[in-house]
Amino acid sequence: EPEVTQTPSHQVTQMGQEVILRCVPISNHLYFYWYRQILGQKVEFLVSFYNNEISEKSEIFDDQFSVERPDGSNFTLKIRSTKLEDSAMYFCASRLTSAFINEQFFGPGTRLTVL
Amino acid sequence: GIQVEQSPPDLILQEGANSTLRCNFSDSVNNLQWFHQNPWGQLINLFYIPSGTKQNGRLSATTVATERYSLLYISSSQTTDSGVYFCAVEAAGRRALTFGSGTRLQVQP
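Source: prediction; values computed, not measured. (Residues numbered from 1 in each chain as written. Chains lettered and ligands numbered in written order. Predicted model: local features only at pLDDT ≥ 70, side-chain atom pairs only at ≥ 80, totals over all residues. Heavy atoms only, no water.)

Student: Teacher, can you tell me more about the packing of aromatic side chains here?
Tutor: Two numbers describe a pair of aromatic rings. These are the distance of the centres and the angle of the planes. Residues and elements named next belong to chain A. Per the stated rule, a full pass over the model turns up 15 aromatic pairs over all chains. Note on Phe49 and Phe75: the rings are 5.3 Å apart at their centroids and 40° apart in plane angle, and the pair reads as tilted. Residue Phe49 is located in strand E5 (residues 44-50), and its partner Phe75 is located in strand E8 (residues 75-79); the two are separated by 26 residues in the primary sequence. Exposure class is identical for Phe49 and Phe75. Each is buried. Ring geometry for Phe61 versus Phe65: centroids 5.7 Å apart, planes at 25°, classification stacked. Classification of Phe61 as buried rests on a relative accessible area of 6%. (Phe/Tyr/Trp six-rings, centres within 6.5 Å; stacked < 30°, edge-to-face > 60°. Helix = DSSP H or I, 4+ residues; strand = E, 2+ residues; numbered from the N terminus. Buried < 20%, exposed > 50% of the residue type's maximum accessible area, 1.4 Å probe, protein only.)

Student: What is the right way to read the interface of chain A and chain B from this model?
Tutor: How big an interface is tends to be stated in terms of accessible area lost as the parts join. Residue-level contacts link 22 residues of chain A with 20 residues of chain B. Counting each side, the surface lost to burial between chain A and chain B is near 1,700 Å², with a carbon and sulfur contribution of 48%. Counting the contacts that link chain A with chain B gives 2 salt bridges. There are 11 residue pairs in polar contact (both at pLDDT 80 or more) connecting chain A and chain B. Breaking the side of chain A that touches chain B down by element, the ones donating at least two residues are strand E4 (31-37), strand E9 (88-95) and strand E10 (105-106) of chain A. At 4 residues, E4(A) tops the list of elements feeding residues into the side of chain A that touches chain B. (Contact = heavy atoms within 4.5 Å. Buried area = accessible area lost by both parts, 1.4 Å probe. Salt bridge = Lys/Arg side-chain N within 4 Å of Asp/Glu carboxyl O. Polar contact = N/O pair within 3.5 Å; in protein donor to acceptor, adjacent residues only side chain to side chain.)

Structural data, given as structure tokens:
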């Protein structure tokens, strides 16, 4: 069964460093997402991406964040200068986009720890 | 934006017991999904259920969209059912999921 994959599973970085989180969405899906979950809290939407551009973003997704689809398979989230409060689990998701099927499929997540 | 409330926030069960988790939402939705977050933090898709009833083994879910709520039923609970259960909805006109705060379930042997 096709699935969303994410790398790395864990990332530890120093405050102020840049990190890139990688995702491979399901191959025929058209909408891509990043969500994050701070430890003990609920999952929050960051950004959606469709047709090679940002479709929607939340207040959390400020200038420190960017997304890119560098090739036909990968979808990346870059944090330019990490802060302690960026420590969280980051989930990638994708969906087919169909009039009849609207389910979002989530990857296993990348746990980011900023020291 | 849309509000999603889940109840109860915490639930402790003995193995073999049944339970009902509730999700209320404040506006019309295009999409509603239930997830189980396992101890490793992974979000496992349980149901895509914007309306109607679905069953998968010991789990079933019902969404009454007109009354803005969804229920997740767990029957004959097992210790492996422990974790956090999230309801997430997509408000009409949006393409992003808004998650509830979750129900933390602990099933004791």
